[in-house]
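# Per-entry structural report
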Amino acid sequence: MEKTDVFSLDGEYIASTYARFGVNIVSGKGSILKGGDGKEYIDLGAGIATNVFGACDDVWIKAVTDQLTKIQHASNLYYTDPGPRLARLLCEKTGMKKVFFSNSGAEANECAIKTARKWAAEHLGAEYHTVVTLKNSFHGRTLATLAATGQDVFHRDFLPLTPGFAYAEPNDSADLERVMEENKCAALLIETVQGEGGVNVLTDSFVADAAALTKKHGALLMVDEVQTGNGRCGAMYSYMNYGIAPDVVSTAKGLGGGLPIGATMFGERTADVLTPGTHGSTFGGNPVCCAGAESVVSRLDDDLFAAVRKKSEMIFEKLSGKPGITGVHGRGLMIGADVTGDVKAVVKGCIERGALVLSAKNRVRLTPALNIPEETLSRGLDILIEAAAAAAEA
Ligand SMILES: Cc1ncc(COP(=O)(O)O)c(C=O)c1O
């Protein structure tokens, strides 16, 4: 019999890189998604921190479709309107000076790494090519960003790794100092909250030390805001919660509101490192993606960040001390919960009860849309509380 359902077709024709849950998302509005079986789900993942204004947000749809009716793609040989406007918005909101657009978080980090190497060769000497990152970090799945990722589990099948990376313990200033002293460093690259690593928040003192160490060694400070950025942690970018001034900021995920876009932002010292021919991308700066991103970024303001912080407090209050939940971590709407039951069983239990949550390492991870209504969030948390208690008893 011919297989036509999505589950069979996926199994037969899609490379098996994902261990998917058995839900086919066919439509959605805001933080409510609909499965192919007609069942509704409260969305506490937002496409892994991506649909910042939820599913099919009206303002975003208008921006994207308006651009679609004008021109969908023109190549970077010519100018198109949305990209430069988006870059100006990002620079105005961050104080950064220039932006390179790509298509994903990994590409945004590749660009950051290339920039660090070129800058260091020109300012420190060609032997200063090491990019220091943190253990337990995640920076992407291309070969260079895989090497930047400080987790052996991602490296194992893909050796030899791209050389020029060294890893320090997160929240351990002495270890970072040691690694920076032992290597000729071009840059330090950090996530201020390690997302895929299990939602681990870097401490204020470690980030301050990290900034001071890059200064001491004359290296660049680069922040990966792919997951933490675009309002997710209760500020435009999470580094702003720490009062540091990075030389390079990479972002993606939430920036596009659900369309693929990456951005690498350059500060004073790095604004002019990349020159014609040194970097590029066919789809980078695509006008449709940039128009969607412009509609997202223009709405990221202090009122929204305050609402994000309020909903964050609500999550901490609601989950803390509940049966089967032993800890709550994170910042803004990027939350990790320790559960006593099997984390996969908790995620599955949530899906069965009508809520989509994520996991990261052994924590349940929540990254809902920034505009999720409090009542919807509350119902979703009730489901998580029930699923965590059930998994703890199993
Ligand atoms: C911090 C961080 N950097 C980079 C990436 C890679 O982004 P992408 O999957 O868009 O390449 C991710 C993805 O989860 C991420 O969380």
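Residues numbered from 1 in each chain as written. Predicted model: local features only at pLDDT ≥ 70, side-chain atom pairs only at ≥ 80, totals over all residues. Heavy atoms only, no water.

Within the chain, the regular secondary structure consists of 13 helices and 17 strands. Here the chain has a C-alpha radius of gyration of 21 Å; the compact-globule value for 394 residues is 21 Å, and the two agree. The dimensions of the chain, computed from C-alpha atoms along their principal axes, are 60 × 55 × 50 Å. For the chain, with 394 residues in total, the buried portion stands at 54%. Contacts in the chain between residues far apart in sequence, at least 24 positions, make up 72% of those at least 6 positions apart. Accessible surface for the chain amounts to roughly 17,500 Å². Of this, 54% is attributable to carbon and sulfur atoms. Side chains of the chain give 39 positive and 47 negative charges; the mean places of these two sets differ by 2 Å. (Helix = DSSP H or I, 4+ residues; strand = E, 2+ residues; numbered from the N terminus. Rg over C-alpha atoms; globule rule 2.2 N^0.38 Å. Buried < 20%, exposed > 50% of the residue type's maximum accessible area, 1.4 Å probe, protein only. Contact = heavy atoms within 4.5 Å. Areas by Shrake-Rupley, 256 points an atom, 1.4 Å probe, with all protein chains shown as cover. Lys, Arg positive; Asp, Glu negative; His and termini not counted. Charge placed at Lys NZ, Arg CZ, Asp CG, Glu CD.)

This paragraph deals with the layout of surface pockets. The space that makes up the second largest pocket amounts to roughly 860 Å³. As for the second largest pocket, its lining consists of 31 residues, of which Asn76, Val99, Phe100, Phe101 and Gly284 are closest to the centre. Elements supplying a minimum of two residues to the lining of the second largest pocket: α4 (82-94) and β4 (98-102). Per element, the largest residue contribution to the lining of the second largest pocket is 4 residues, and it comes from β4. Tallied by class, the residues present in the lining of the second largest pocket amount to 14 nonpolar, 15 polar and 2 charged. (1 Å grid on protein atoms, 1.4 Å probe; cavity = no way out; pocket = protein on both sides within 12 Å on 5 of 7 lines; lining within 4 Å. Points joined across faces, edges and corners; volume = space filled by probe spheres on them. Nonpolar A, V, L, I, M, F, W, Y, C, P; charged D, E, K, R; others polar.)

Around the ligand sit 13 residues, and of these Gly105, Ala106, Phe138, Asp224 and Gln227 come closest. Within the backbone of Ala106, a nitrogen or oxygen atom sits 2.8 Å from an oxygen atom of the ligand. With respect to the ligand, the side chain of Lys253 contributes an N or O atom lying 3.4 Å from an oxygen atom. Computed on the free molecule, the ligand has an accessible area of 390 Å², of which 81% lies beneath the protein chains in the complex. When residues of the shell around the ligand are assigned to their parent elements, the largest contribution, 3 residues, is made by helix α5 (residues 105-123). Looking at the shell around the ligand residue by residue, the class counts come to 3 nonpolar, 6 polar and 4 charged. (Near = heavy atom within 4 Å. Polar contact = N/O pair within 3.5 Å; in protein donor to acceptor, adjacent residues only side chain to side chain.)

This part covers the domain arrangement of the chain. Along its sequence, the chain is carved into domain 1 (6-52 + 302-393) and domain 2 (60-297). For the pair domain 1 and domain 2, the two sides together bury roughly 2,100 Å², of which 57% comes from carbon and sulfur. Contact with domain 2 buries area across many residues of domain 1, yet Arg331, Met334 and Lys361 alone supply 34% of it, more than any other trio. The tally of links from domain 1 across to domain 2 stands at 1 salt bridge. Two residues, Arg365 and Glu196, come together in a salt bridge whose shortest N-O distance is 2.8 Å. The interface formed by domain 1 and domain 2 holds 12 residue pairs in polar contact (both at pLDDT 80 or more) in total. Elements that contribute at least two residues to the side of domain 1 that touches domain 2 include exactly α2 (46-49), α11 (302-319), β13 (325-331), β14 (334-339) and β17 (363-366). In terms of residue class, the side of domain 1 that touches domain 2 is made up of 12 nonpolar, 7 polar and 5 charged. (Domains from an automatic or database assignment. Buried area = accessible area lost by both parts, 1.4 Å probe. Salt bridge = Lys/Arg side-chain N within 4 Å of Asp/Glu carboxyl O.)

For the rest of this paragraph, the subject is unusual backbone geometry. Residues Leu159 and Pro160 are joined by a peptide bond in cis, for which omega reads 0°. In this structure, Pro160 sits in the loop between α7 (152-155) and β6 (165-168). The residue Ala46 is not glycine, and still its phi comes out positive at about 50°. Mapping Ala46 onto the fold places it in helix α2. Here Lys253, not a glycine, exhibits a phi torsion of approximately 35°, which is positive. As for its position among the elements, Lys253 is in the loop between β11 (248-251) and β12 (262-266). On the basis of relative accessible area, Lys253 is assigned to the partly exposed category, the value being 24%.

Next up on the list: helix α13 (residues 374-393). If you check α13, its first and last C-alpha atoms are 29 Å apart, about what 20 residues at 1.5 Å a residue would give, namely 28 Å. Within the sequence span of α13, burial applies to Thr376, Leu377, Ser378, Gly380, Leu381, Ile383, Leu384, Ile385, Ala387, Ala388, Ala389 and Ala391. (Expected span 1.5 Å × (residues − 1).)

Before going further, it helps to examine the environment of Thr65. Mapped onto the elements of the fold, Thr65 is located in helix α3 (residues 58-68). For Thr65, a relative accessible area of 36% gives the class partly exposed. Residues Thr65 and Val288, spaced 223 residues apart in sequence, show a C-alpha to C-alpha distance of 7.9 Å.

A few words on the pairing of strand β3 (residues 40-43). Here strand β2 (residues 32-35) runs beside β3; their pairing, made up of 3 bridges, is antiparallel. From the neighbouring strand, Ile32 faces β3, where its bridge partner is Ile42. Alignment of β3 against strand β15 (residues 355-356), held across 2 bridges, turns out to be parallel. Bridge pairing in β15 places Ile42 opposite Ala355. (Pairing = 2+ DSSP bridges.)

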